[in-house]
Amino acid sequence: MSDFAAARTNMVDGQIHTAGIIRPDVLAAFETIPRENFVPEALQSVAYSDEDLPIGEGRYLLEPMIHAKMVEAVEPEK
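Notes on the structure in this doc start here. Model, not experiment: these values are computed from the prediction. Sequence positions are assigned chain by chain, starting from 1 and proceeding in written order. Selection of residues for local features in this predicted model requires a pLDDT of at least 70, selection of side-chain atom pairs for listing and counting requires 80 or more, and totals for whole chains, interfaces and linings are taken over all residues. Just so you know, side-chain values use all the structure's heavy atoms and leave hydrogens and water out.

**Things to note about the pattern of salt bridges**
Two side chains that carry opposite charge are able to pair once their charged atoms sit near each other. We define a salt bridge as a contact between a side-chain nitrogen of Lys or Arg and a carboxyl oxygen of Asp or Glu at a distance within 4 Å. According to the stated counting rule, one finds two salt bridges in the structure shown. The salt bridge involving Arg8 is made with Glu36; its shortest N-O contact spans 3.5 Å. Placement of the pair is Arg8 in helix 1 (residues 4–16) and Glu36 in the loop between helix 2 (24–32) and strand 1 (53–56), with a sequence separation of 28 residues. Each member of the pair Arg8 and Glu36 is classed as buried. The residue Asp25 makes a salt bridge to Arg23 at a minimum N-O spacing of 2.6 Å. Residue burial is assigned from relative accessible area. The probe radius is 1.4 Å, only protein chains are included, and a residue is buried under 20% of its type maximum, exposed over 50%, and partly exposed in between. On the basis of relative accessible area, Asp25 is assigned to the partly exposed category, the value being 36%. Numbering goes from the N terminus for both helices and strands, where a helix is a DSSP run of H or I of at least four residues and a strand is a run of E of at least two.

Structure representation (structure tokens):
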């Protein structure tokens, strides 16, 4: 999918918000930060899929729902 803005909206609506994430600041971060910038170019088209994505050297970008739950759990502050 090359329309990353639409993919972000779908990810938040279909994966993150439905998983019980309710903090507006966490939702806003996932709505605006481009996940495709954090994965290799070959994986950018699936950056918003519901799966962990390898980013190299044995590391992964967590699936959006788990990532959002972890961020919300630490109760970030500005």
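**Here's the deal with the side chain of Gln15**
For Gln15, the position within the fold is in helix 1. Look at Gln15 and you get buried, because its relative accessible area is 15%. N or O atoms within 3.5 Å of each other form a polar contact, as long as, within protein, one can give a hydrogen and the other can take it, and as long as residues adjacent in sequence are counted only when both atoms are side-chain atoms. There is a polar contact of 2.9 Å between the side chain of Gln15 and the backbone oxygen of Tyr48. Throughout, a residue-residue contact means that at least one pair of heavy atoms, one from each residue, lies within 4.5 Å. Sequence-distant contacts of Gln15, that is, excluding residues within four places in its chain, are made with Asn10, Tyr48, Ser49, Asp50, Pro64 and Met65.

**Concerning the environment of Ser45**
Among the structural elements, Ser45 can be located in the loop between helix 2 and strand 1. For the pair Ser45 and Asp3, spaced 42 residues apart in sequence, the C-alpha separation works out to 9.0 Å.

**Some points on the packing of aromatic side chains**
Stacked, edge-to-face and tilted are the three classes for Phe, Tyr and Trp ring pairs, Trp counted by its six-membered ring, which pair at centre distances within 6.5 Å; planes under 30 degrees apart are stacked, over 60 edge-to-face, the rest tilted. For the coordinates displayed, the defined rule picks out one aromatic pair. Ring plane angle 45 degrees and centroid distance 6.3 Å describe the contact between Phe4 and Tyr48, whose orientation is recorded as tilted. Separated by 44 residues along the polypeptide, Phe4 in helix 1 and Tyr48 in the loop between helix 2 and strand 1 bring together distant segments of the chain.

**Overview of helix 1**
Residues Ala7, Arg8, Met11, Val12, Gln15 and Ile16 constitute the buried set of helix 1. Projected down its long axis, helix 1 shows its buried positions confined to an angular sector of 135 degrees, all on one face. Residues of helix 1 that are buried in the fold lie against helix 2 and helix 3 (64–73). Throughout, the arc means that of the directions going from the helix axis to the C-beta atoms.

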